[in-house]
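Summary of structural features
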Amino acid sequence: MATRGARYNLRSLKQAAMSFMSATRLARIERYLWREFLGAFIATFVVLMLVSFGGIVVDLLSEISRGHMPAGLLVSQLGLRVVIFAPLILPLALFLGLLIGIGRLYRDSEMAVLFSVGVGPRQLLRPVALLAVPVVLVIALVSLWAGPLAERRSQAMIAEANRSLLVAGLEAGRFIEIPGGGVLYVGDLSADGTRFGRMFLHSEDADGSVNVITAREGELFFDGDLDRYIRLDDGFRVEGMPGGAEFRLMRFQRNEIQAPDRAQTLDADDVRLAPSGVLLRNRDAETRAELHWRLASPLLAALLAIAAIPLARTEPRQPRYGQLMLALLGYLLYTNLMLIGRSWLGDGLVPAWAGLWWVHLPVLALVSWLLMSDGRLPRPRGGAGMRRAIRISDLYIARAVVIGVMAAWAVLLMLDVVLAFAAELGRTGGGYTATHAVIYTLYSIPRRLYALFPSAAVVGSLIGLGGLAATSELTALRAAGLSRLRLCLGAAAAIAVLTASMVLVGETAGPIGEQRAQALSASARSDDMIIASYSGIWVREGSVFINVGQGLARGSGADAFVELSNLRMYDFDPEGRLRSVAVAEAAEYRAEGWMLSGVRRTRFGERSAELEVVAQERWNTTLDAEVLAASVVRPRYMTTAQLGSMVAYLRANESDPGEFAVAYWARWFYPVNVLALCLAAMPFAFGQLRSGGFGKRLFAGIVFGLAFFLLDRLAINLAQVYGIDLRAAHLIAPVSVLGVSWLLFYRRR
């Protein structure tokens, strides 16, 4: 009995020792994994913060330039904006950090070693939780408390600065645009922004009549805490229709006008400023929507942290971090659904009890399914298994093509941005500094993405398919029964999705970014200039204030010239009295200078107005033609609808639509050209490796793409010369290259 008891105790001690050693080993593995995940998270967070920091700086500088915020608040508002946007940045940083950290374990075969000691995907939950739980708690703290507090502080600082004209971005000798439509200019401004001298205020009614107010000096004062007024001393007021003889002239010793709110501050009752405790006590739809939105950020982070475990799995032959792009698209889809749900909940379209749970619960179910099925090996049987394999092969090819396109896109964009920034640095001088060049280049990135995508799609699809061909994976897929055409269609499907996103960029971010870049460049080059959204460009030359409504680029090559329309010039005497108003139908700038046509000038006397009409006259101005040309409407600044309206307008006025018609149909044929070009170049990715190597075929495919662009340009030019329908001209290049590609395709069978 004693021997049996001793054996039992010895076995118990051995089991306890093994359990302790196993627990110690797991604790060491968990600490190692936690450190790996933490390092990846910190690196990702730093990168995202730098990117977000740059975007926030650009937005703040844009608000300052538009007069929504004083320049002195830049640093403080920057810090507060970082806190406000943290609930959206931290979940993405956690998600991408875990994807990178776990993906590295698979890539370096560390997960295979961990599998051998019993650490599977589900055992990763503990080290992931050790990192995710503190991050989720921080996100909850920021979303529920620090974020609304930062929002309230930000609005309070702007509201306090709103007690001065400096919040408008108003500086002596510069035009600013005021809300509701109008342009303001002052010659002198006090240090505290409450007193000014030599003021010019222009506004326009819906019927086209103008209201011009000038004053020798003035002062900003308050009636109560919110209502702001401007007191004007010793000034003039003129009302009438430019180009006519009927005007109303007044002179005043003192006049008080109410000033519009300058800053885009939130209302004191806005739910975005309310503390979370207040939101809990209220039951209206808008309050419920805001509360669910604040709760959504920590839930988003928690679900994404769990989803990173199955999504980070990579097979040996998969591209490095190939899942990152799909994961990022999933994150964008999730956050967009949250935004839509918030809007619907606030509008009462979704019942309050549903909240945003209709978004979170399906994601939770999907994440649970992914986690439970992670590591399982499906065993397809029969025809269903073959069909499933084919679908998987389509996704595999699409992923390889997308990664190739993104890599080519990034390289082309980097080169283009560097060259563009170098060109902008060469144009610095005067008020246009290196900082303006940086912002200008950043604004132009969406348009550059749109323009570079066709080239990136061709090169990237060749790289993606060529990489599969180099590793004989295309050969294996063809042996499995997939034809060349099927493989190309799988790659084309991925290109089609990216093309659709670029069409959206070309209609939204591209034109908006170009307009802001041009406005920034023009205003920085001239201290006495602004591009107003309602009335075009404003510039001052001595005692003359000039307004240009719109401009068009005419002709091409040596015959190119700039034509400005709806040009107005307000001439004042030293006392601030309006001497004349001139309206010109058009102003053309050629090598010999500016020429005005259709001029109607109204001269003002003490008690009368006299109209003078001149067919043409020379405009002797010292203003830089490049500055005035900033109002030129270029196709890249316009959406497809705006291009169509411009084409119709020019044709209605019996003018040649020229490049506007070309750009209009180019927008419509953009997806057709991209898909046709990629399909036409894909046969070059196939072939035997000993027939010249992939590099040779890649070069041939790129040359083929260049031939496409040259043929397309030639067809459009011939159509413009001989009056051929532009739609037929745009079809020539894609039809031709597809025909040639079809012959090459079947020749290589």
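The structure displayed is predicted, hence computed values, not measured ones. (Residues numbered from 1 in each chain as written. Predicted model: local features only at pLDDT ≥ 70, side-chain atom pairs only at ≥ 80, totals over all residues. Heavy atoms only, no water.)

This part takes up the confidence of the model for the chain. The pLDDT averaged across the chain works out to 75; a share of 74% of its residues lies at or above 70. Counting interchain partners and residues more than four positions distant, the pLDDT-below-50 stretch residues 16–23 has zero contacts. (pLDDT = per-residue confidence, 0-100. Contact = heavy atoms within 4.5 Å.)

Residue Ala86 marks the point of greatest curvature in helix 2 (residues 74–107), where the axis turns by about 55°; the proline Pro87 follows within four residues. The buried count for helix 2 comes to 24 of 34 residues, which makes it a mostly enclosed element. Two residues or fewer after helix 2 comes Ser109, characterised by a positive phi angle close to 65°. (Bend = angle between axes of the 7 residues up to and from the residue. Helix = DSSP H or I, 4+ residues; strand = E, 2+ residues; numbered from the N terminus. Buried < 20%, exposed > 50% of the residue type's maximum accessible area, 1.4 Å probe, protein only.)

Checked against the element boundaries, Arg568 lands in strand 10 (residues 561–572). On the basis of relative accessibility, which here comes to 7%, the residue Arg568 falls in the buried class. Among the polar contacts made by the side chain of Arg568, one reaches the side chain of Glu204 at a distance of 3.4 Å. When sequence neighbours within four positions are dropped, the list of residues in contact with Arg568 reads His202, Glu204, Gly208, Val210, Pro242, Phe545, Ile546, Asn547, Ala582 and Val583. (Polar contact = N/O pair within 3.5 Å; in protein donor to acceptor, adjacent residues only side chain to side chain.)

A few words now on unusual backbone geometry. At Arg198, a residue that is not glycine, the phi angle is positive and equals roughly 55°. The phi dihedral of Asp234 is positive, around 55°, even though this residue is not glycine. Note on placement: Asp234 falls in strand 5 (residues 227–240). The class for Asp234 is buried, based on a relative accessible area of 19%.

To continue, consider the nonpolar core. Judged by nonpolar contacts, the single largest core of 51 residues is most densely connected at Phe37, Leu94, Leu98 and Ile102. Listing elements by their share of this core, those giving two or more residues are helix 1 (2–65), helix 2, helix 3 (110–116), helix 4 (125–161), helix 6 (285–311), helix 7 (323–347) and helix 8 (357–373). The greatest single-element share of this core, amounting to 15 residues, is contributed by helix 2. Among the nonpolar cores identified, the runner-up in size contains 44 residues, and Tyr396, Ala400, Val417 and Ala469 belong to it. (Core = buried A, V, L, I, M, F, W, Y, C linked by side-chain atoms within 4.5 Å.)

A few words on the pattern of salt bridges. Applying the stated criterion across every chain yields a total of 19 salt bridges. Arg251 is the salt-bridge partner of Asp234, the closest N and O atoms lying 3.4 Å from each other. Residue Asp234 is found in strand 5, and its partner Arg251 is found in strand 6 (residues 247–258); the two are separated by 17 residues along the sequence. Among the ionic pairs, Asp416 bridges to Arg448, the shortest N-O distance being 3.2 Å. Placement of the pair is Asp416 in helix 9 (residues 382–426) and Arg448 in helix 11 (residues 445–470), with a sequence separation of 32 residues. On the basis of relative accessibility, which here comes to 23%, the residue Asp416 falls in the partly exposed class. Assessed through its relative accessible area of 10%, Arg448 is described here as buried. Residues participating in the shared-partner salt-bridge network are Arg216, Glu217, Asp234 and Arg251. (Salt bridge = Lys/Arg side-chain N within 4 Å of Asp/Glu carboxyl O.)

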